[in-house]
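Structural overview
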Amino acid sequence: MLSEDKGVKKNIVRIRQGNKEETTDIIAREIELSIYVNQKKIIRLYCSPGNYKFLGAGFLFSTGILASKEDILLIETNHNSVNIITKNSILSAEYINYLSSEINSKHQVKKLSIKNTDMLGSLVLKYSIVFTLMAEMQNKAEFFKESGSVHSCGLANRNGIILLFAEDISRYNTIDRILGESLLKDINTSDKIILTSCRITSGIIKKIIQTGISIVISRSAVTDCAINMAHRNNITLIGFARNERMNIYSHPERIIL
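A quick note: this is a predicted structure, and the numbers were derived from the prediction, not measured. (Residues numbered from 1 in each chain as written. Predicted model: local features only at pLDDT ≥ 70, side-chain atom pairs only at ≥ 80, totals over all residues. Heavy atoms only, no water.)

The subject of this paragraph is unusual backbone geometry. Trans is the common state for peptide bonds, and a negative phi is the common state for residues other than glycine. A positive phi angle, near 50 degrees, is found at Phe-240, a position not held by glycine. With respect to the helices, strands and loops of the structure, Phe-240 is situated in strand S12 (residues 236–242). Here Glu-244, not a glycine, exhibits a phi torsion of approximately 60 degrees, which is positive. Looking at where Glu-244 falls in the secondary structure, it is placed in the loop between S12 and strand S13 (245–250). (Helix = DSSP H or I, 4+ residues; strand = E, 2+ residues; numbered from the N terminus.)

What follows covers the packing of helix H6 (residues 202–209) against helix H7 (residues 224–232). Between H6 and H7, the shortest axis-to-axis distance is 8 Å and the interhelical angle comes to 25 degrees. As judged from the angle between their axes, H6 and H7 are roughly parallel. Every residue of H7 that contacts H6 at Ser-202, Ile-205, Lys-206 and Ile-209 is listed here: Cys-225, Ala-226, Met-229 and Ala-230. (Axes fitted to C-alpha atoms, helices over the stretch in contact; angles between N-to-C directions. Parallel < 35°, antiparallel > 145°, perpendicular 65-115°, else oblique. Contact = heavy atoms within 4.5 Å.)

We now examine the sheet that holds strand S5 (residues 72–77). Reading across the sheet, the four strands line up as S4-S3-S6-S5 and stay open at both edges, with mixed pairing between neighbours. On the outer flanks of this sheet lie strand S4 (40–47) and S5, each paired with one strand and no other. Across the sheet, the axes of successive neighbouring strands diverge by a mean angle of 20 degrees, strand direction being ignored. Pairing of strand S3 (residues 31–37) with strand S6 (residues 81–86), which is carried by four bridges, proceeds in the parallel orientation. If you follow Ile-35 over to S6, its bridge partner there is Val-82. Relative to the sheet, helix H1 (residues 52–62) contacts S3, S4, S5 and S6, its axis offset from that of S3 by approximately 55 degrees. (Pairing = 2+ DSSP bridges.)

Take the sheet that holds strand S2 (residues 19–28) next. Judged by pairing direction, the sheet is mixed, and its eight strands sit side by side in the order S2-S1-S13-S12-S11-S10-S8-S9 without closing on themselves. Each edge of the sheet is formed by a strand with only one pairing partner; in this case those strands are S2 and strand S9 (162–168). Ignoring strand direction, the axes of neighbouring strands in this sheet form an average angle of 25 degrees. Inspection of the sheet shows strand S10 (residues 193–196) paired to strand S11 (residues 215–218) by four bridges, in the parallel sense. In the sheet register, Thr-196 faces S11, and the bridge partner there is Ser-218. In this fold helix H5 (residues 171–184) packs onto strand S8 (151–156), S9 and S10, with an angle of close to 145 degrees to the strand it touches most, S9.

Judged by nonpolar contacts, the single largest core of 27 residues is most densely connected at Ile-194, Ile-200, Ile-205 and Leu-237. Counting only elements with at least two residues in this core, the list comes to strand S1 (7–16), S8, S9, H5, H6 and H7. Excluding anything up to four places from it in sequence, Ile-200 contacts Ile-205, Val-216, Ser-218, Ala-221, Val-222, Thr-223, Ala-226 and Leu-237. Judged by nonpolar contacts, the second largest core, of 22 residues, contains Ile-15, Leu-123, Val-130 and Leu-133. (Core = buried A, V, L, I, M, F, W, Y, C linked by side-chain atoms within 4.5 Å. Buried < 20%, exposed > 50% of the residue type's maximum accessible area, 1.4 Å probe, protein only.)

With that settled, the discussion passes to the packing of aromatic side chains. Note on aromatic pairs: each is described by the distance of the centres and the angle between the planes. Applying the stated criterion across every chain, the model contains one aromatic pair. Between Tyr-127 and Phe-131, the ring centres sit 6.0 Å apart and the planes meet at 90 degrees, which makes this aromatic pair edge-to-face. Taken as a pair, Tyr-127 and Phe-131 lie in helix H3 (residues 127–140) at a separation of four residues, close to a single helical turn. For Phe-131, a relative accessible area of 11% translates into the label buried. (Phe/Tyr/Trp six-rings, centres within 6.5 Å; stacked < 30°, edge-to-face > 60°.)

To continue, consider H1. Counting along an α-helix, one turn takes 3.6 residues, and residues three or four places apart therefore face a common direction. Buried residues of H1: Tyr-52, Gly-56, Ala-57, Phe-59 and Leu-60, and no others. Buried positions in H1, seen along its axis, are confined to an arc of 160 degrees and lie on one side of it. Seen from the open side of H1, the exposed residues pointing more than 90 degrees away from its buried face are Phe-54, Phe-61 and Ser-62. After H1 finishes, the residue Gly-64 shows a positive phi value of roughly 85 degrees. (Arc of directions from axis to C-beta.)

Have a look at this one:
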């Protein structure tokens, strides 16, 4: 039974063993949560629903704002925010402002202007190449084979060749590594494909929008916000691309049999 607070049903196109069908799938929900300290907004996170007080307190503790549980006087939560009231002696207003700017500069996905991607509708990809690319990315994931603790990302062309590859403990970092390398090496990304091992959230899609890339393929799941953003920005979003199957969540016309 679907829990409405944790997942939603979405219409998708599924390809299995060369056959295309329309069906529905359960998609993980993604929540925008604002964390406040003494009514001062520190950061906005994207997360799964529930247990906001644990997430809020844990984030503040891990970033050094809170030294211990004793620093907390009260935790207030609602559907999209958590406010942690601390002892007055713990944080001054000036220190909260400083921490807010420092944390956001490191953690927050910046809101950038969205590029017009209408011209990218001509990029199409044969479905068999999707599986070829994902298998090749797995072969390149040497450190993951050793540690099992990193995400993988690649930049590929429509001919099934991986041009760039990166691994990192953070899925956001793997995307940034690929985009930074393509930028410094003057690689045109408008006709390229992003491959990743990680779950695709709106934060991932926001980064990719800036490049003009129109096909994103993951071995893992996607969130509802990522699907909505991909739809709006003319991006073909593919998840669970493994074992000769895949789910196409947006703009399936780019994938041909």
